[in-house]
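# Residue-level structural notes
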Amino acid sequence: MSSSGGAASSSSEVAAADTTQLQTAPTSSTAPPIEDVKKTAAKETNSGDAFVARFYDISTALTTYMEQQKQSSEKTSESNTTTPSDKQTTITAEQAASMYDELLPVKEVGRACKLSAQLLPKFVSLFPGKVEQVGNALFDLCEDPNDVGTRILAVRALPLVARAFPDWASKAADVVVQLLAADIPLELDNVKENLLQLLTVDKKGVLEILFNFIIEGGELLRARCISFLLEKVIPNKKSFGSPEETEQIIINEIKRVMGDVSASDLRSFFNILNTFTMFQATDPAIASTRSETVSEMLLKQVGFPNLGLTEEYLSILLECCEIGAKYSAAAFNTKFVEFFITKILPVFEQDIPEATRQTILMRLVDASAQIDADSAKPILDLAFSALLGPKIIKENAKGEFELEFTQLEVLLLLFHRLASKVPAHVRKLSGIHIRTGQPDDFTTGDPDPKHAEFMKKLKDIDVETTKNNQQARKKRDALGHNPNAPSENLKEREVLDLLLKSTTNIKTMAQALLKSTPSFLNESSLKPSWAKIDVVIVKKTQTEPQSSRKRQPAAGNAKANTTTTTTRNSTTSSVTTITTPQPSPPKKHRQDTYVPPARRNLAPLGSYTTYSTIDQPIINTASAAAYPVANNPPQSNRRRRGRRNGRY
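For the structure given in this document, a descriptive report is provided here. All of these numbers come straight from a predicted model, not from anything done at the bench. (Residues numbered from 1 in each chain as written. Predicted model: local features only at pLDDT ≥ 70, side-chain atom pairs only at ≥ 80, totals over all residues. Heavy atoms only, no water.)

On a plain count of helices and strands, the protein chain comes out with 26 helices and seven strands. Within the protein chain, buried positions represent 39% of all 648 residues. Residue pairs at least 24 apart in sequence account for 66% of intrachain contacts in the protein chain once pairs closer than 6 positions are excluded. Accessible surface, the protein chain as shown: approximately 37300 Å² in total, 51% of it carbon and sulfur. (Helix = DSSP H or I, 4+ residues; strand = E, 2+ residues; numbered from the N terminus. Buried < 20%, exposed > 50% of the residue type's maximum accessible area, 1.4 Å probe, protein only. Contact = heavy atoms within 4.5 Å. Areas by Shrake-Rupley, 256 points an atom, 1.4 Å probe, with all protein chains shown as cover.)

And the structure:
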C-alpha cells in the first residue's frame, strides 16, 4: 500500500495513496488480503486509513455480488443475458463470503469498527449461516467502552439484522433492553428508538424479554423498562400491528410477572392497563371479564400468606385493595375480607402500625360493598362466629367488662351490610327474622339457641357501650373546646371524639338488631367512625341595597345572593370551595287599575281597548283617564260574566 523507500511518508500521503488505489482498483476480487493490510497498517501512524480503503473496496464488491444474485433469481430474457464483459466481473460465493468475513470489527481501530457496524447488516441477508457470528460481533460493539458513536451505530444495526432474520429479534432485544440503563441521554434515546424497531419485527418475543427484566433487573433497569412501556409502547401500539393483540400480550405478561412486583410497580402496571380498550369499555360482559382479570392479577400478587404482616406486604395489600374496589373485583374482595377476619383481625391492635389501621378499615368497607350474595354467606359465618367469640367482650379481675371497640364496630358493620343481601341465610345463622314478604315469613320452627346467645351478647354490648359513651362525653366536655390548649389535651380530645363516634355507631347497630322488628343498616344510613367527615363552613354574602325600580340581578350576576360552601377533606388535606346562587325574592307585581266592563261603551271613538283573559284586568287607557275608578263603581258580577260569556 505504501512505498518501501528510505524516506518515510506522512499519514496524509498514505491516505492519498490509499484513496488513489481504491479508485484505480479494477475489482474487489483482486484486492490484497486483509493480512497484508494489517501488516502495512502496523507500520503507518494512522492505521485506520488502510482499513477504510479496504472496507469501501469490499462494499463495492459485495454490492456487485448482491445485484448478481438478484439477476440470477429472476427469469432473464434474451436482452438480459450475461455478456462477456459481465463474466469478467463475476464474483463467486466463496469470494463474497471471504470478503464479508473481513468486515468483522477490529477493536484496535475505531474507524474500522464504525464501518463494520454499518456494512455488516447491509449484506447479512446474503449469508444466512453467519447470523450468529455477525450478531456476536455487533453485541461486542454495543459494549464498546471507548466510543459512544460506535455503540450508537451498533445498536442501530441490530434491527436491520432482525428484519432479515425475525427469529433472531429476541436475542437482539435481550441486549438492547439491558442498554436502557445507559447514562448518556443521546445513547438512551437511540436505544429506545431501536427497541421500538425490534417490536415491529417480533412484538411478542420482545415484550417477553422486557417483562423478564422487570422481574430480574435492578431498580434502575426495572424503572426504565416500565417507563419505556408507558412512554413509548402504549402511544405507538398501533404501529406494531393489531392494537387489541398488543394489549392482550401485555395483559398476559402482567399476569405472568404478578407476585414479584412492588406497590409502585403495581400502580404503574394499572396505569398502563387503564389505557386499554377492555378497561375503558362499559359493556356488562366486558366489565365482568375485566373484573375476573383484575381479581386473578391481584390474588396472584397478594398471595395471602400465613407469614407475618410486614410493612412492605401491607403496602402491597392496601394497593391491591384500592384497585380491587375500583374495578369491582368481587373475587379478590371476597378473599380479602376472609383474609382480614381470619389473619388480620386477631393481630390488628398488636402487629399493624396505627397509621395503617385506618387505611385497612377503609379498604375493608370498600371491599364489602363489592361482595355478591353467594360470597357473602361464608363471610357472614366468620363475622357471626367472631361476634360470639370471647375476644369482643372481656371481663377483667375487677369484674368490669372491656370491649374491643375497633373490632366490634368492624364486625357489626360487616354483619349489617352483608346481611341485607342474604336475609334468609341470616335467619338460619342467627335467628334474626327480617320480613321481606316472602313465604318464609309465615313459617315457624324451633327457636335457634344461637339467637338467644346473640341477643344476650348484643344487650351486653349495648349496656357497656352506653356506659363508655357517657364517660367519654364527660371527659371531652371537661377538656373544653380551647384550640390553644396543650398538644396533649388536643390529642386526648381527638381520641375521645373517635371513641364517641365508635360507641355511637356500635349502639346504633346493636339497637337496630334488638328491636322487635329488626333492621339492617346500609351504607347510606351509617358511616364508619374512621371515615373522615368533611367540615362545611357556610358564608352568606349580602346583596348591595338596590332601588325598588331596579330589576333583580340574574342568577349569574356577582351581586346576587350566594352561599359559599368550603369543604375540607381531612384525609387528603384539600379544600374545595363551591359558590351556589340563592333564589331571588319573588317580584312584587304592579297593581293595574281596574276598569269595569261598562266603561267600554263610554270610551270616545277611536280609542283602543285591551281585552284580556278572565284572570287578568281589562284596561282601557282612554276611558280610565276620563273616568276615575272611585266615581264609577263596577256593575253586578252576574251581568259582567254574562256579557263576557256571550249571552248578551
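Once the structure has been displayed, the description carries forward.
Attention now goes to the packing of helix H7 (residues 131-142) against helix H8 (residues 148-164). Any two packed helices are characterised by how steeply their axes cross, that is the angle between the axes, and by the distance between the axes. Closest axis-to-axis distance for the H7/H8 pair is 8 Å, and the angle between their directions is 150°. Judged on the interaxial angle alone, H8 and H7 are roughly antiparallel. The handedness of the crossing between H7 and H8 is left-handed. For the pair H7 and H8, contact is made by Val131, Leu138, Phe139, Leu141 and Cys142 and by Thr150, Arg151, Ala154, Val155, Ala157, Leu158 and Val161, respectively. (Axes fitted to C-alpha atoms, helices over the stretch in contact; angles between N-to-C directions. Parallel < 35°, antiparallel > 145°, perpendicular 65-115°, else oblique. Left-handed = near helix turned anticlockwise from the far one by under 90°.)

All right, on to the packing of aromatic side chains then. Considering all chains together, one arrives at 11 aromatic pairs under this definition. Here phenylalanine 270 and tyrosine 327 contribute two aromatic rings whose centre-to-centre distance is 5.8 Å and whose plane-to-plane angle is 35°, an arrangement assigned as tilted. Here phenylalanine 270 is found in helix H14 (residues 263-273), whereas its partner tyrosine 327 is found in the loop between helix H16 (311-326) and helix H17 (330-344), with 57 residues between them in sequence. There is no split in this pair, since phenylalanine 270 and tyrosine 327 are both buried. In this structure an aromatic cluster arises from ring pairing among Phe384, Phe415, Phe454 and Phe520. (Phe/Tyr/Trp six-rings, centres within 6.5 Å; stacked < 30°, edge-to-face > 60°.)

Quick look at the pattern of salt bridges now. For the coordinates displayed, the defined rule picks out 15 salt bridges. A salt bridge links glutamate 245 to lysine 203; the nearest nitrogen and oxygen atoms lie 3.6 Å apart. Of this pair, glutamate 245 sits in helix H13 (residues 243-257) while lysine 203 sits in helix H11 (residues 203-216), placing them 42 residues apart in sequence. Taking the relative accessible area as the measure of exposure, glutamate 245 reaches 43% and is therefore partly exposed. Note that arginine 267 and glutamate 319 form a salt bridge whose closest N and O atoms lie 3.1 Å from each other. (Salt bridge = Lys/Arg side-chain N within 4 Å of Asp/Glu carboxyl O.)

The next thing to look at is the nonpolar core. Phe269, Phe270, Leu317, Phe340, Phe415 and Phe454 are the most contacted members of the largest nonpolar core, which totals 153 residues. Top element by residues in this core is helix H20 (residues 405-419). It accounts for 10 residues. Residues in contact with phenylalanine 269, not counting those within four places in the same chain, are Phe211, Ile214, Ile226, Ile254, Val257, Met258 and Val261. (Core = buried A, V, L, I, M, F, W, Y, C linked by side-chain atoms within 4.5 Å.)

Glancing now at the packing of helix H15 (residues 284-302) against H17. In contact at an axis separation of 7 Å, H15 and H17 are set at 35° when each is read in the N-to-C sense. Residues Ser291, Ser295, Leu298, Leu299 and Val302 of H15 pack against Ala330, Ala331, Phe332 and Lys335 of H17. Looking at the contact of H15 with H17, its residues break down into six nonpolar, two polar and one charged. (Nonpolar A, V, L, I, M, F, W, Y, C, P; charged D, E, K, R; others polar.)

Everything listed is a geometric property; what it means functionally is a separate question.
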